[in-house]
Amino acid sequence: MLVVKAGRTKVAGLVVGVLNFLLVRRFLLRPVDQVSRQLESLAGGEGVSAARLALDSDDALGRLVLQFNALIDRLRGTLHRVIETVEAFVHHADETGQTARELVANVDRKSQVVTGTAALFSGLRQELLNIESVLGRLAESAAESRAAVGAQARQITAVNEQVVQFQGRNDASAGAM
């Protein structure tokens, strides 16, 4: 009878350990892997075509996903503004080419085109500075998420140690009977 109880306790402990592993994998590692893949696609130069992540959680990982999604939205907005600025610049450059042919007779008009081009370059420069700032915040968020994942891993380790202690007590209790 004692052997059967000890065997059941070991099986129960094994089941708890497997369930713990599956829960960690599902609720911690999978979202971290998703964020990691999206960050890799951004770092790999795939642009902000990265899909938004879905994770409904109030913990640090959930906040990281919210920050990541907000970053993607801001990057898309910034990219849209950069594209508009570049398109406006290209359009303006086309106009400048036409104007250049006409400028032989009109020096004042040439001055206005140069001023407009400078304003477009200034706007483009500002958008690039914004992108640089967003990427800096992304790096900070990644560091914070690494710290949060480390803290959660330590918590899981502590819970696993408690499960092992509980199993030991159960084994001791079963042995005493």
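Attention in this report is confined to the structure presented alongside it. (Residues numbered from 1 in each chain as written. Predicted model: local features only at pLDDT ≥ 70, side-chain atom pairs only at ≥ 80, totals over all residues. Heavy atoms only, no water.)

1. Structural notes on the packing of aromatic side chains
Part 1: Going through the model one piece at a time under the given rule, you end up with 1 aromatic pair.
Part 2: Measuring from centroid to centroid gives 4.8 Å for Phe89 and Phe121, while their planes differ by 55 degrees, and the two rings are tilted. Of this pair, Phe89 sits in helix α2 (residues 60-102) while Phe121 sits in helix α3 (residues 107-176), and the two are 32 residues apart along the sequence.
Part 3: By relative accessible area, Phe89 is classed as partly exposed at 26%. (Phe/Tyr/Trp six-rings, centres within 6.5 Å; stacked < 30°, edge-to-face > 60°. Helix = DSSP H or I, 4+ residues; strand = E, 2+ residues; numbered from the N terminus. Buried < 20%, exposed > 50% of the residue type's maximum accessible area, 1.4 Å probe, protein only.)

2. Some remarks on the environment of Thr85
Part 1: With respect to the element layout, Thr85 can be found in helix α2.
Part 2: Taking relative accessible area as the criterion, Thr85 reaches 17% and is therefore assigned buried.
Part 3: Considered as a pair, Thr85 and Leu124 are 39 residues apart in the sequence and their alpha carbons are 6.4 Å apart.
Part 4: When neighbours within four sequence positions are excluded, Thr85 is seen to be in contact with Leu120, Gly123 and Leu124. (Contact = heavy atoms within 4.5 Å.)

3. Regarding the side chain of His92
Part 1: The topology assignment puts His92 in helix α2.
Part 2: Sequence-distant contacts of His92, that is, excluding residues within four places in its chain, are made with Val113, Gly116, Thr117 and Leu120.

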